[in-house]
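# Observations on the three-dimensional arrangement
Letter by letter, the chains look like this.
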Amino acid sequence: APAQAALTVAEHEDHGRMQYYKLATSSVGWLPRVNVLLPDGYDTSRRYPVLLLLHGGGENYSTFDTKYDIRNHTAGRDLIVVMPDAGLGWHCNPVRSVFGTRNWETFHIEELIPWVDATFRTFPEQAGRAVSGFSMGGFGALKYPAKYSSHFASVSCHSGPANLRGNYGQAVVQWANSSS
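Residues numbered from 1 in each chain as written. Predicted model: local features only at pLDDT ≥ 70, side-chain atom pairs only at ≥ 80, totals over all residues. Heavy atoms only, no water.

### Some words on unusual backbone geometry
Positioned with a positive phi, Asp69 is a non-glycine residue whose angle comes to about 55°. One can find Asp69 in the loop between α1 (63–66) and α2 (70–74). Although it is not a glycine, Ser135 sits at a positive phi angle of roughly 55°. Tracing the backbone through its elements, the reader meets Ser135 in the loop between β6 (129–134) and α4 (136–147). (Helix = DSSP H or I, 4+ residues; strand = E, 2+ residues; numbered from the N terminus.)

Structure below.
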C-alpha cells in the first residue's frame, strides 16, 4: 500500500473525469492546486499508470485543460494525468525566496505523489509513473527522474532547458530564487 501523504484537501470539485483540488501543505506558503484527469470509465477495481504533467513558467495547474485540450488528447486512454501548480519555482526548493516558502520539489515528490497513490487507483511504483513537462516544466521533467530515478519509468521534456550551467542557467536559478 502506498504511504499516506502529509496533504490535506482544502477544496475539491468534481467535474467528471477532471477532479480539481486545492491542497494544504507546509511546503508551499499558499494552497497549491492540482487537476487530476481520470480515464474514461475510471474503475476503482483496476489500477492505472500516472503521468505527472508539469506546466511552464507563467502557467498553472489548469493550463493543459484550458489551453491544450488535455481531455480530448487522453480520451480513451487508461491513464491518470496529474497537473499540479508549480508557481515560477522551476520545480525546486529555492535557497531563498522573497515570497516565503515555495518548496515545489518537496510538494511534488514527497507529498503529491504519495497523496495521488493513496487517493486514486494507481500503480504506486516506478513502472507505473511517467513525468512530462513544457519549458520550465520540461526542466522539472528532466530534473525529477535524474534526482529520483526510482520514481519514474519514463520522461519527456518539451522545450525545457537541459543544462543550467553557464550564464543562462545562472539567470534561471536567480529568477527561480526570487520569483518562486
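Moving on from the model shown.
### As for the side chain of Glu105
Inspection of the secondary structure assignment puts Glu105 in helix α3 (residues 104–119). Under the relative-accessibility criterion, Glu105 is labelled buried at 4%. In terms of polar contacts, Glu105 uses its side chain to reach the side chain of Tyr148, at 2.4 Å. Each residue touching Glu105, except ones within four places of it in the same chain, is listed here: His91, Cys92, Asn93, Glu110, Lys143, Tyr144, Lys147 and Tyr148. (Buried < 20%, exposed > 50% of the residue type's maximum accessible area, 1.4 Å probe, protein only. Polar contact = N/O pair within 3.5 Å; in protein donor to acceptor, adjacent residues only side chain to side chain. Contact = heavy atoms within 4.5 Å.)

### What about the packing of α3 against α4?
Where α3 contacts α4, the two axes come as close as 12 Å, and the packing angle between them is 55°. For the element pair α3 / α4, the angle class is oblique. For the crossing formed where α3 meets α4, the hand is right-handed. Contacts between α3 and α4 involve Trp104, Glu105, His108 and Ile109 from the former and Lys143, Tyr144 and Lys147 from the latter. For the contact of α3 with α4, the residue count by class is three nonpolar, one polar and three charged. (Axes fitted to C-alpha atoms, helices over the stretch in contact; angles between N-to-C directions. Parallel < 35°, antiparallel > 145°, perpendicular 65-115°, else oblique. Left-handed = near helix turned anticlockwise from the far one by under 90°. Nonpolar A, V, L, I, M, F, W, Y, C, P; charged D, E, K, R; others polar.)

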